[in-house]
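What the coordinates show
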Amino acid sequence: MQKVLLGMSGGVDSSVCAALLKQNGFLVGGVTLNLNDSFDLSNIDDAKAVCEKLGIEHITAQLKNEFKKYVIDNFIDEYISGNTPNPCIVCNKYIKFGKMLEIARQNGYQKIATGHYARIIERDGRYLLCKAKDITKDQTYVLYCLTQEQLASAVFPLGTLSKAQVREIAEKENFVSARKKDSQDICFVPDGDYANFIEKTANFVSQTGDYVNRAGEKIGQHKGVIHYTIGQRKGLGIALGKPAFVISKDAKTNRVVLGDQEFLFYKKVLVKDVNFIPFDKLSCEMEVTAKFRYSQKEQKAVIKPLDNGQVLVEFFEPQRAPSSGQAAVFYNGDIVVGGGTIICGIE
């Protein structure tokens with residue numbers, strides 16, 4: 001009988017995972033990761049209550065230092081550098097499927113489980129990451145970075161369920177988390193004000209700089225590069241007599257380029273630090289669907305390997321506002337081919 005350590009946030013998804021794992025014959029333990037100072041300690045109590053109800057072990061792991069090093073510091077550095085990072089992807093790679101797997105093995109568990117909506121199948125000696133049956137809840141976009149070792153050690157009990165089914169199970173089990181709302185924002189920036197968080201946490205003082213047009217001519221003044229994202233229209237604090245959008249930004253020169261929306265669209269996107277799942281390396285061109293935002297609808301594209309290990313993604317139709325630091329993720333039907341970090345769009 002396999003021992004599985006389940007990451008328990010105190011929410012409904014992980015609570016139902018615990019029940020399902022126990023029903024399926026696993027020896028289950030729960031672990032709640034205390035990651036940052038904004039973590040609601042009542043979540044630990046809720047996770048403990050579920051574990052007590054099911055008669056399984058619960059432990060709390062203090063990972064604030066690791067979370068700061070791998071996730072928060074990276075988030076701040078990337079934003080200050082002018083990029084648009086996705087901290088959930090970094091957290092999955094280093095914390096939830098990195099450090100948590102270490103904790104599991106230190107405590108005699110063979111596998112880890114999480115409440116992610118995704119599936120894992122084994123085929124021809126490879127572990128494949130597949131979309132959840134409930135496509136509206138699918139979370140494979142933030143899991144593309146998982147290695148074969150991590151996938152081989154992971155269990156996703158919710159991969160074949162809908163959110164409604166999960167809520168129903170939680171109600172039947174009378175879990176304290178049954179009616180908890182889903183978290184929406186980045187956990188360490190609950191109010192969504194990234195710029196304010198960076199300024200306070202890193203003692204960073206935003207420097208005002210120039211708004212320029214695509215010809216490099218000054219057209220106004222901005223309040224600091226970290227306050228803007230590619231494609232942004234609202235909150236620019238400038239009137240040009242027509243709609244203006246953030247086309248690009250350069251942290252080194254402290255300039256933000258404004259222009260018409262047409263200049264946000266690119267057919268080609270350059271990607272680095274690529275992780276492939278069905279195979280180790282892309283050896284030839286491959287037709288896929290791809291997206292570079294969690295909620296974006298996948299678009300037809302061709303991925304092409306480059307000599308330096310980077311990948312060129314060529315979309316069939318121009319795509320709006322690919323931003324450096326975002327993740328581009330590739331699919332073949334329900335299977336995640338892989339993904340990487342966007343360097344830039346190419347005209």
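Residues numbered from 1 in each chain as written. Predicted model: local features only at pLDDT ≥ 70, side-chain atom pairs only at ≥ 80, totals over all residues. Heavy atoms only, no water.

Considering the sheet that holds strand β9 (residues 218-222)
To be explicit about the condition: When DSSP finds at least two bridges between two strands, those strands are taken to pair. Numbering goes from the N terminus for both helices and strands, where a helix is a DSSP run of H or I of at least four residues and a strand is a run of E of at least two. Each axis is a line fitted through C-alpha atoms, and for a helix only the stretch in contact is used; angles between axes span 0 to 180 degrees, taken between their N-to-C directions.
Read across the open sheet, the four strands follow the order β9-β8-β11-β10; overall the sheet is mixed. With one partner strand each, in any of the chains shown, β9 and β10 (245-250) form the two edges of the open sheet. On average, each strand axis in the sheet is tilted by 30° relative to the strand beside it, whichever way the strands run. The pairing of β10 with strand β11 (residues 255-259) spans five bridges and is classified as antiparallel. The residue of β11 that forms the bridge with Val246 is Leu258.

Side note on helix α4 (residues 87-106)
Worth spelling out the cut-off: For a residue, the bend is simply the angle between two axes, fitted respectively to the seven-residue segment ending there and the seven-residue segment starting there. Between buried and exposed lies partly exposed: a residue is buried under 20% and exposed over 50% of the maximum accessible area for its type, with that area taken using a 1.4 Å probe on protein chains only. Distance and chemistry together define a polar contact, namely a pair of N or O atoms within 3.5 Å, with one atom able to donate a hydrogen and the other to accept it when in protein, and with adjacent residues in sequence counting only for side-chain atoms on both sides.
The sharpest bend along α4 reaches about 30° and sits at Lys93. The complete set of buried residues in α4 reads Pro87, Ile89, Val90, Cys91, Asn92, Ile95, Phe97, Gly98, Met100, Leu101, Ile103 and Ala104. Capping the start of α4 is the job of one residue whose side-chain oxygen sits 3.1 Å from the backbone nitrogen of Cys88: Asn86. The first or second residue beyond α4 is Gly108, which carries a positive phi of 85°.

Notes on the packing of aromatic side chains
Operational definition: Ring geometry is summarised as follows: Phe, Tyr and Trp rings, the Trp one being its six-membered ring, pair when their centres sit within 6.5 Å, and such pairs are stacked at plane angles under 30 degrees, edge-to-face over 60 and tilted between the two.
For the structure shown, the criterion picks out 13 aromatic pairs. An angle of 55° between the planes, with centres 5.9 Å apart, marks the rings of Tyr79 and Tyr194 as tilted. Of this pair, Tyr79 sits in helix α3 (residues 64-80) while Tyr194 sits in helix α7 (residues 194-201), and the two are 115 residues apart along the sequence. The exposure class assigned to Tyr79 is buried, which follows from its relative accessible area of 3%. Residue classification places Tyr194 among the partly exposed positions, given a relative accessible area of 28%. Ring centres of Phe292 and Phe315 lie 6.1 Å apart, and the angle between their planes is 80°; this geometry places the pair in the edge-to-face category. Residue Phe292 is found in the loop between β13 (286-291) and β14 (299-305), and its partner Phe315 is found in strand β15 (residues 311-320); the two are separated by 23 residues along the sequence.

Description of the sheet that holds strand β4 (residues 111-113)
Rule in force here: When checking whether two residues touch, look at their non-hydrogen atoms; a contact exists if any pair is within 4.5 Å.
One open sheet holds the five strands; their spatial order is β3-β2-β1-β4-β7, and the pairing between them is parallel. At either end of the open sheet lies a strand with only one pairing partner, and these are β3 (57-62) and β7 (154-155). One ladder, built from six bridges, connects strand β2 (residues 27-34) with β3; its direction is parallel. By the bridge assignment for β3, Leu33 is matched with Ala61. Set on the sheet, helix α2 (residues 42-54) makes contact with β2 and β3; between it and β3 the angle comes to about 155°.

So, the pairing of strand β8 (residues 209-212)
The side chains of a regular strand alternate between both faces of the sheet. Relative to β9, β8 runs antiparallel, the two sharing four bridges. The residue of β9 that forms the bridge with Asp210 is Gln221. Bridge analysis of β8 against β11 gives three bridges, and the strand direction is parallel. For Tyr211, the partnering residue across the bridge sits in β11 and is Val256.

A look at the pattern of salt bridges
Note the cut-off: A side-chain nitrogen of Lys or Arg and a carboxyl oxygen of Asp or Glu constitute a salt bridge if their distance falls within 4 Å.
Under the defined criterion, the tally for this structure stands at 15 salt bridges. Where Asp37 meets Lys64, a salt bridge forms, and the shortest distance between an N and an O atom there is 3.1 Å. Taken together, the residues Asp37 in the loop between β2 and α2 and Lys64 in helix α3 connect sequence positions 27 residues apart. Taking relative accessible area as the criterion, Lys64 reaches 34% and is therefore assigned partly exposed. We note a salt bridge from Lys68 to Asp73, for which the minimum N-O separation is 3.1 Å. Lys68 sits in the partly exposed class, given a relative accessible area of 44%. According to the relative accessible area criterion, Asp73 is partly exposed, its value standing at 26%.

A closer look at the nonpolar core
As a rule of thumb, soluble globular proteins bury nonpolar side chains together. Stated formally: Nonpolar core, defined: a set of buried Ala, Val, Leu, Ile, Met, Phe, Trp, Tyr and Cys residues in which side-chain atoms within 4.5 Å join the residues together.
Ranked by size, the top nonpolar core spans 49 residues in total, and within it Leu33 and Phe188 carry the most contacts. At the level of elements, β2, α3, α4, β6 (126-131), α7, β16 (327-332) and β17 (335-346) are the ones that each hand at least two residues to this core. In terms of residue count, the dominant contributor to this core is α4 (nine residues). Not counting chain neighbours up to four residues away, the residues in contact with Phe188 comprise Asn36, Ser38, Phe67, Val71, Ile72, Phe75, Pro87 and Phe197. Among the nonpolar cores identified, the runner-up in size contains 27 residues, and Cys17, Ala19, Ala113 and Ala170 belong to it.

Observations concerning the side chain of Arg126
Relative to the assigned elements, Arg126 resides in strand β6. Engagement of the side chain of Arg126 in a polar contact is seen with the backbone oxygen of Phe279, the distance being 3.4 Å. The residues touching Arg126, leaving out its near neighbours within four places in the chain, are Ile121, Gln148, Phe276, Ile277, Pro278, Phe279 and Asp280.

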